[in-house]
2 protein chains.
Amino acid sequence: MILALDAMGGDKAPDVNIEGAILAVKQTSNDVLLVGKQDILYAQLEKWSQRYTFPKDRIRIVNAGEVIEMGEHPANAVRHKKDSSMAVCCKLVVDKQADAFVSMGNSGAAMATSLLYLKRIPGISRPVIAISFPTISGRCIISDAGANVDCKPEHLLQFAIMGNAYAKYSLGIKNPRVGILSIGEEETKGNELVLQTSKLLKKTNLNFIGNIEGGDVPKAKADIVICDGFVGNVFLKTSEGVAEMIGKLIKESIKSNPICWGATPFLKIAMKKVKKKIDYDETGGAPLLGVNAPCVIGHGKSDSKAVKNALIVAAKYAENNINKKIEEDINKFNTDVRENE
Amino acid sequence: MILALDAMGGDKAPDVNIEGAILAVKQTSNDVLLVGKQDILYAQLEKWSQRYTFPKDRIRIVNAGEVIEMGEHPANAVRHKKDSSMAVCCKLVVDKQADAFVSMGNSGAAMATSLLYLKRIPGISRPVIAISFPTISGRCIISDAGANVDCKPEHLLQFAIMGNAYAKYSLGIKNPRVGILSIGEEETKGNELVLQTSKLLKKTNLNFIGNIEGGDVPKAKADIVICDGFVGNVFLKTSEGVAEMIGKLIKESIKSNPICWGATPFLKIAMKKVKKKIDYDETGGAPLLGVNAPCVIGHGKSDSKAVKNALIVAAKYAENNINKKIEEDINKFNTDVRENE
């Protein structure tokens, strides 16, 4: 696969993007196109080349004259910066010079750019960010993690169908358990959006397991959790904040208790292992499901490992032709509904 | 103060309720009315009396023939069980034989019973559950924690005014920082409910600090966080689940690494301290703001310490006459709005 990487996007770009690209070509058979201001990229790539040995011909630089900054208003930025690194990435995909678009930059702008150039999969009304969340025994897909703040039940139904196809064909989960994020396990519990969406989900052939509470997601009770992007984003940010607080409180507690000081080095080893398990960098990026070409969006805070992993997620997504499966599943669902009417 | 305690409500009732009442009369000057099936309560109180020394005349038993179970449908239960322990508690408050109502039982039913018998504070359209959430440096009020799943901006505005009065006059926070739970710090970020509510909050004389992300709540960036009850409940349950997961992962990580085994006893000491800091039992219960008499609802899982603390929260609430302050603040706000129109 050939992956178009927005080399200018992210808090630590282009440094970590270039290192991430190098790590990806070393680990996989994919090629990376580094898209951005070529003068900067040539100089930086030269610098990193001295540190790593890698097949030089598998990382190529493509010039883009503009950069969309992290704080810019997405719609305005996309409208005015036609030569941004994001826009050039998407054009490479449209022109079949690349198989997927990957960005760690302004996520609103990455989404808007994808929609503008790559368009939506026929039948999909809103693309969704499908983030992989750590659980006690593995991972769970949160769909939507922040792309759509105000949703209708029909949107959430599509989030479920897309998340299901992704979990099944890209992550290899046989019959993914689809839950809807709610407040209480009973099916009478939830807001109007949840109650109406549940009615729709029951009519599908998805493995719908009903309501799932925020506290049950880490317990691995579902493989996919459906919610609107506002609730999904609150869920994710809260999880990060609480995990960080617990870590800090444990450290402080040990520090304030001389009898515990001897445990510090061992706790550090243990915490490192926990961090690896729940670390965002390990998954790297979230696919933007519903856009008509593989597109992966990463965290602005990404380091090189996260960039590498985002590139791997994108390559796997393209290889497995997930978008074709999503299109088929949506068509099948729509046909079934029409036949039953 | 005289506190009417629903002695039959909660997963471990009436045992922990009675022990909690004893601990409360030992620690404070308040009296407790144990409300429930008197035969059971006399026998249980007798049992606990052998274990604790306490002023016997300050715990009295009031009979109630029925019990609303934890799993019952709130509205149905309240409609049919007119002699429930919850209903009798509320009647005691209405008849001025008690100053506050406290329940660890079915929270939906406790809320419905309060609304039926105690009514709302004039000017308030919806009562709100104001939970105290642990932060790195103290506590933050989440308003609403689950009472109202689908809300309008006007409701959230009232949640803010009520939460502010509670934080100011009951918790003693001078100029409480009021944030609205959202996804991004910029004021353009959020769903329609957040954006519209923010406009209203800016018109008040509250110390409104704008959007606050889920991850920033544990960082103590606000004293009160406003949200609808669906989002608030997802926030709380997620926090509990993530904290539990981190604890488990640390334990497992230490267990799987023989080099760390020696650290286990010290970690246990540290974790105990952390648990105490974030433990629900330490706060005990959440006031139901907006009901026209002091009312505190606790977790079904409460133990005796949580019951004791819920009774203390209720007594403090009644002593400080928080409802009078809420009524004044709502009136003042409505007058200000009318004058500016």
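All values derive from a computational prediction rather than experimental measurement.

### Re the side chain of Asn211 of chain A
Residue and element names in this part refer to chain A.
Okay, so step 1: The topology assignment puts Asn211 in strand β8 (residues 207–213).
Okay, so step 2: Only 3.5 Å separates the side chain of Asn211 from the side chain of Ser182, close enough to count as a polar contact.
Okay, so step 3: A distance of 2.9 Å separates the side chain of Asn211 from the backbone oxygen of Glu186, its partner in a polar contact.
Okay, so step 4: Those residues in contact with Asn211 that lie beyond four places of it in its chain are Ile180, Ser182, Gly184, Glu185, Glu186, Glu187, Lys189, Val194 and Ser198.

### Thoughts on the nonpolar core
Okay, so step 1: Formed by 234 residues in total, the largest nonpolar core has its most connected members in Leu34 and Ile326 of chain A together with Leu34 and Ile326 of chain B.
Okay, so step 2: Those residues in contact with Ile326 of chain A that lie beyond four places of it in its chain are Ile121, Ile124, Met162, Ala165, Leu289 and Tyr317 of chain A.

### Overview of the sheet that holds strand β3 (residues 59–63) of chain A
Residues and elements named next belong to chain A.
Okay, so step 1: In spatial order, the strands read β3-β2-β1-β4-β11-β10-β5-β6-β9-β7-β8; together these 11 strands make up an open sheet with mixed pairing. Two strands bound the open sheet, and with one partner strand each, they are β3 and β8. Taking each pair of neighbouring strands and ignoring which way they run, the sheet shows an average axis angle of 30°.
Okay, so step 2: With respect to the sheet, helix α2 (residues 38–51) is in contact with β2 (31–36) and β3, its orientation differing from that of β3 by roughly 160°.

### Description of the sheet that holds strand β9 (residues 224–226) of chain B
Residues and elements named next belong to chain B.
Okay, so step 1: Strand order in the open sheet formed by 11 strands is β3-β2-β1-β4-β11-β10-β5-β6-β9-β7-β8, with mixed pairing between adjacent strands. Sheet topology places β3 (59–63) and β8 (207–213) at the edges, where each strand pairs with a single neighbour. Here the strands of the sheet are splayed against their neighbours by 30° on average, with no regard to which way each runs.
Okay, so step 2: When strand β7 (residues 177–182) meets β9, the two strands line up parallel, connected through three bridges. Across the sheet, residue Val178 finds its bridge partner in β9, namely Ile224.

### Concerning the confidence of the model for chain A
Okay, so step 1: With 99% of its residues at a pLDDT of 70 or more, chain A has an overall mean of 92.
Okay, so step 2: Among the prediction metrics, the complex's ipTM stands at 0.89, with pTM recorded as 0.90.

### A look at the relation of the copies chain B and chain A
The two chain copies are connected by a rotation around an axis plus a translation along it.
Okay, so step 1: Aligned on chain A, chain B shows an RMSD of 0.1 Å; the corresponding rotation is 180° and the shift along the axis is 0.0 Å. What we have between these two chains is a two-fold relation. Residue Ala263 of chain B of chain B places its C-alpha closer to the rotation axis than any other residue of that unit, at 2.4 Å.
Okay, so step 2: Interface residue correspondence from chain B to chain A reaches 100%, placing this contact among same-surface, isologous pairings.

### Brief notes about the environment of Asp83 of chain B
Okay, so step 1: Summarising the element assignment, Asp83 of chain B is placed in the loop between α3 (74–80) and α4 (85–94).
Okay, so step 2: Once you skip the residues sitting within four places of it in the chain, Asp83 of chain B turns out to touch Ala64, Gly65, Glu66 and Val88 of chain B.

### Describing the environment of Arg177 of chain A
All names here are of chain A.
Okay, so step 1: Its place among the elements puts Arg177 in strand β7 (residues 177–182).
Okay, so step 2: Here Arg177 falls in the partly exposed class, since its relative accessible area comes to 29%.
Okay, so step 3: Separated by 90 residues in sequence, Arg177 and Ala87 place their C-alpha atoms 36 Å apart.
Okay, so step 4: Apart from residues no more than four positions distant in its own chain, Arg177 is found in contact with Asn207, Ile209, Ala220, Lys221, Ala222, Asp223 and Ile224.
Okay, so step 5: At 3.3 Å, the side chain of Arg177 and the backbone oxygen of Lys221 are in polar contact.

### Let's talk about the packing of aromatic side chains
Residues and elements named next belong to chain A.
Okay, so step 1: Within this structure, the stated rule accounts for six aromatic pairs over all chains.
Okay, so step 2: With a centroid separation of 6.2 Å and 25° between ring planes, the pair formed by Trp48 and Tyr52 is classed as stacked. Accessibility assignment for this pair places Trp48 and Tyr52 in one class, buried.
Okay, so step 3: Relative to Phe235, the ring of Phe133 lies with its centre 4.8 Å away and its plane at 55°, an arrangement referred to as tilted. Of the two residues, Phe133 sits in strand β5 (residues 128–134) while Phe235 sits in helix α8 (residues 229–255), which places them 102 residues apart along the sequence. Side by side, Phe133 and Phe235 carry an identical accessibility label, which is buried.
Okay, so step 4: Its guanidinium or amino end placed over the ring of Tyr169, Lys325 lies 4.8 Å from that ring's centre, counting from NZ or CZ.

### Here's the deal with the pattern of salt bridges
Residues and elements named next belong to chain B.
Okay, so step 1: Scanning all chains against the criterion turns up 22 salt bridges over all chains.
Okay, so step 2: Salt-bridge contacts for Lys47 lead to Asp15; the nearest nitrogen and oxygen are separated by 3.4 Å. Residue Lys47 is found in helix α2 (residues 38–49), and its partner Asp15 is found in helix α1 (residues 15–27); the two are separated by 32 residues along the sequence.
Okay, so step 3: Between Arg177 and Asp223 there is a salt bridge, with the nearest N and O atoms lying 3.1 Å from each other. Here Asp223 lies in the loop between β8 and β9 and Arg177 lies in strand β7, a separation of 46 residues in the sequence.

### Quick notes on the side chain of Glu213 of chain B
Okay, so step 1: Considering the arrangement of structural elements, one finds Glu213 of chain B in strand β8.
Okay, so step 2: On the basis of relative accessible area, Glu213 of chain B is assigned to the buried category, the value being 14%.
Okay, so step 3: Excluding its chain neighbours within four sequence positions, the residues that come into contact with Glu213 of chain B are Lys237 of chain A together with Leu181, Ser182, Ile183, Gly184 and Glu185 of chain B.

### Quick notes on helix α1 (residues 15–27) of chain A
All names here are of chain A.
Okay, so step 1: Its 13 residues place the ends of α1 19 Å apart at the C-alpha level, agreeing with the 18 Å of an ideal helix rising 1.5 Å per residue.
Okay, so step 2: Taken as a whole, α1 has its buried residues at Val16, Asn17, Ile18, Glu19, Gly20, Ala21, Ile22, Ala24 and Val25.
Okay, so step 3: Buried-residue contacts for α1 involve β1 (2–6), β2, α2, β3 and α10 (304–319).

What counts, and where the lines are drawn
- Residues numbered from 1 in each chain as written.
- Chains lettered and ligands numbered in written order.
- Predicted model: local features only at pLDDT ≥ 70, side-chain atom pairs only at ≥ 80, totals over all residues.
- Heavy atoms only, no water.
- Helix = DSSP H or I, 4+ residues; strand = E, 2+ residues; numbered from the N terminus.
- Polar contact = N/O pair within 3.5 Å; in protein donor to acceptor, adjacent residues only side chain to side chain.
- Contact = heavy atoms within 4.5 Å.
- Core = buried A, V, L, I, M, F, W, Y, C linked by side-chain atoms within 4.5 Å.
- Buried < 20%, exposed > 50% of the residue type's maximum accessible area, 1.4 Å probe, protein only.
- Pairing = 2+ DSSP bridges.
- Axes fitted to C-alpha atoms, helices over the stretch in contact; angles between N-to-C directions.
- pLDDT = per-residue confidence, 0-100.
- Least-squares fit on C-alpha atoms with pLDDT ≥ 70 in both.
- Phe/Tyr/Trp six-rings, centres within 6.5 Å; stacked < 30°, edge-to-face > 60°.
- Lys NZ or Arg CZ within 6 Å of the ring centre and 35° of its normal.
- Salt bridge = Lys/Arg side-chain N within 4 Å of Asp/Glu carboxyl O.
- Expected span 1.5 Å × (residues − 1).

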